[in-house]
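# Survey of secondary and tertiary structure
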Amino acid sequence: MKHFTVLIRLLRDRKNFLDEISHDVKLESKILSLLVASSLFFAVYGAIIGASSSWLQMLSSAIKLPALYLVTLIICLPTLYFFDILFGSQLNFRQYTVMALTSVSTISVLLFSFAPIVLFFLISVQGYDFFLLLNVAVMALTGFVGVKLFYKGMRIIVGPDAIEQQLRNRLLKGWVVLYGLVGSQLGWTLRPFFGAPNEPFQIFRPEIEGNFYAQVFILIRSLFGL
Amino acid sequence: MPNLDPLRISSHQLDQLTGLDISDTAMGWAYRQSVWRSPRKLISWASTQIFLLGVALVFCVPTALLVARSLSNGSVAAVWRSLPIGVGIAIALTLALSLYFGYQGRQLATLSHLLDQVDRFNEMLTAIEILEELQTASPSNLSLDNREAVLEAMHVNRESLVCALTTERIMRKHQRFIAQRYELFTSIENNLATLQTLKGMNEASEYGRLLNEALQIGTSIHQELRPFYSDHSK
């Protein structure tokens, strides 16, 4: 299970891992291992949140949750790469891919670590809105930590001597926001991940319009009876 | 007891010498030929294929379903019809990737054979370490007569392997004209002659067997690189 060893090395020895990325060491195997490990962890978490509804929903969410994070990455990666090389980055596309995958992999491991807690609430609390909000909170927290580590990692491997450093930092922050926006909208497009109670299984919700943020606002209002 | 680790050719050194990401089953984006011969490597390869198929499904199935929904203005029947298409694309992509890796592996057959020799060399070092531990535990059972000769043979083989891997990398990068390769090949031929002399002096004993194996590694390296030079001299 060398794919998981790579992920454990990322978590345990982050400094050396980033050093290897900046020196172009074993990037192919890192890409493959991080893709495999993060897909599996997301699939497990997806299966748990889907289990709140039906086994079909469980299967569907086990595929849709990894797709949400990884497809968002593919959509956003070229923007980061081309803008960054435009402003003086010397890194190659494979290095950017591994860096972005380190962020997604960290998120996947953190989500996986929350799985027992989410499972506990799934069994013990019978509130759909609460379960939904709990998962939004878990995903927001893990996403924030993963993206923060990615931002710090990028600053480390590019180094303080990079040309147009200040501009590139702003660009990186902008990309992180873009990643969040694309991810949440793709999440909205791919829904349902949970499956509404007392409703038959749907692979996608029939209505395409609306967005993620409006729905979170409605949920909070409904939870507090506003 | 001397530490044999400096003699070992590490994974990091292999990456540097070959310019590729070397693992048990792959050389960069190519499969090693030895994958098909070793059950352990075959299992590792098969598990990677299953994981790759999983990743391909994650990318292809939701994308195919979303595209179908968008093209059919949200028709549920059309979305379900596109499910086998998404699965089919995922399987086809995994197969295409495997075939590409296999084809690349055949292109790098020489490197693959050299890497097998490196594995064999590292295994021999482990065997020597075990032998030395056994000798430390019960000095009377095994003789230390040929130890120095074996270590010398291992040094010579290491040098030959490094030479061969460097030559292969240079050949791969610059197919036409490399002046340096004559010097490297001469060095490998000299090393082979040294190994044959060492073997002649130490026939019997466990170390004699190891020397024989060391000579086989040296001969394999020589055979692997011979076509490079004979092609050029024609």
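Bear in mind the structure is a predicted one, so any value in this text is a computation, not a measurement.

## Brief notes about the overall build of chain B
Within chain B one finds seven helices and zero strands. Counting from the amino terminus, chain B carries its helices and strands in the arrangement α-α-α-α-α-α-α. Within chain B, buried positions represent 46% of all 234 residues. Counting only carbon and sulfur atoms, one obtains 60% of the accessible surface of chain B, whose full area is about 12000 Å².

## Looking at the UniProt feature "transmembrane region" (unreviewed entry) in chain A
The feature "transmembrane region" (unreviewed entry), as given by UniProt, occupies residues 31–55, 67–87, 99–124, 130–151 and 171–190 of chain A in the numbering adopted here. The annotated region residues 171–190 of chain A carries 100% helix and 0% strand content, and the separation between its end C-alpha atoms amounts to 28 Å.

## Some thoughts on the interface of chain B and chain A
Every contact between the two is made by 22 residues of chain B and, on the other side, 27 residues of chain A. With both chains or domains summed, chain B and chain A bury close to 2300 Å², and 77% of this area falls on carbon and sulfur atoms. On the surface where chain B and chain A come into contact, there are two salt bridges. Seen at the junction of chain B and chain A, the total is seven residue pairs in polar contact (both at pLDDT 80 or more).

## Quick look at the confidence of the model for chain B
Averaged over all residues, the pLDDT of chain B is 81; the fraction at 70 or higher stands at 81%. Ranking the elements of chain B by mean pLDDT puts helix α6 (residues 180–201) of chain B last, at 66, and helix α3 (residues 76–107) of chain B first, at 92.

## Quick notes on the UniProt feature "transmembrane region" (unreviewed entry) in chain B
Residues and elements named next belong to chain B. What UniProt calls "transmembrane region" (unreviewed entry) maps, in this numbering, to residues 50–71 and 83–103. Helix and strand shares over residues 50–71 are 100% and 0% respectively, and the end C-alpha atoms of the span are 31 Å apart. A distance of 30 Å separates the end C-alpha atoms of residues 83–103, which is 100% helix and 0% strand.

## Focus: a nonpolar patch on the surface
Residues Val125, Phe130, Ile220, Leu223 and Phe224 of chain A make up a contiguous nonpolar surface patch of roughly 420 Å² in combined accessible area. With respect to the helices and strands, Ile220 of chain A occurs in helix α8 (residues 212–223).

## Digging into the pattern of salt bridges
Tallying each qualifying case throughout the model produces 14 salt bridges over all chains. The shortest N-O distance in the salt bridge between Arg94 of chain A and Asp24 of chain A comes to 2.9 Å. Of the two residues, Arg94 of chain A is situated in helix α5 (residues 93–124) and Asp24 of chain A in the loop between α2 (14–22) and α3 (27–50); the sequence distance between them amounts to 70 residues. For Asp24 of chain A, a relative accessible area of 31% gives the class partly exposed. Close ionic contact of Glu129 of chain B with Arg8 of chain B constitutes a salt bridge, the shortest N to O distance being 2.9 Å. Linking Glu129 of chain B in helix α4 (residues 109–137) with Arg8 of chain B in the segment before α1 (11–18), this pair joins segments that are 121 residues apart in sequence. With a relative accessible area of 22%, Arg8 of chain B lands in the partly exposed category. Among the ionic contacts, a cluster of salt bridges with common partners joins Arg32, Arg37, Lys41, Asp116 and Asp119 of chain B.

## Considerations on the nonpolar core
Note that soluble globular proteins tend to have their nonpolar side chains buried in a common cluster. Counting 72 residues, the largest nonpolar core has Tyr45, Leu65, Tyr69 and Leu111 of chain A as its most contacted members. Elements supplying a minimum of two residues to this core: α1 (2–12), α2, α3, α4 (55–86), α5, α6 (128–158) and α7 (165–190) of chain A together with α2 (39–71) of chain B. Within the second largest apolar cluster, 33 residues are counted, among which are Leu4, Ala30, Leu115 and Met154 of chain B.

The rules behind these values
- Residues numbered from 1 in each chain as written.
- Chains lettered and ligands numbered in written order.
- Predicted model: local features only at pLDDT ≥ 70, side-chain atom pairs only at ≥ 80, totals over all residues.
- Heavy atoms only, no water.
- Helix = DSSP H or I, 4+ residues; strand = E, 2+ residues; numbered from the N terminus.
- Buried < 20%, exposed > 50% of the residue type's maximum accessible area, 1.4 Å probe, protein only.
- Areas by Shrake-Rupley, 256 points an atom, 1.4 Å probe, with all protein chains shown as cover.
- UniProt positions renumbered as here; feature names shortened; annotations may be inferred.
- Contact = heavy atoms within 4.5 Å.
- Buried area = accessible area lost by both parts, 1.4 Å probe.
- Salt bridge = Lys/Arg side-chain N within 4 Å of Asp/Glu carboxyl O.
- Polar contact = N/O pair within 3.5 Å; in protein donor to acceptor, adjacent residues only side chain to side chain.
- pLDDT = per-residue confidence, 0-100.
- Patch = residues over 30% accessible without salt bridge, like charges linked within 9 Å, V, L, I, M, F, W, Y side chains within 5 Å.
- Core = buried A, V, L, I, M, F, W, Y, C linked by side-chain atoms within 4.5 Å.

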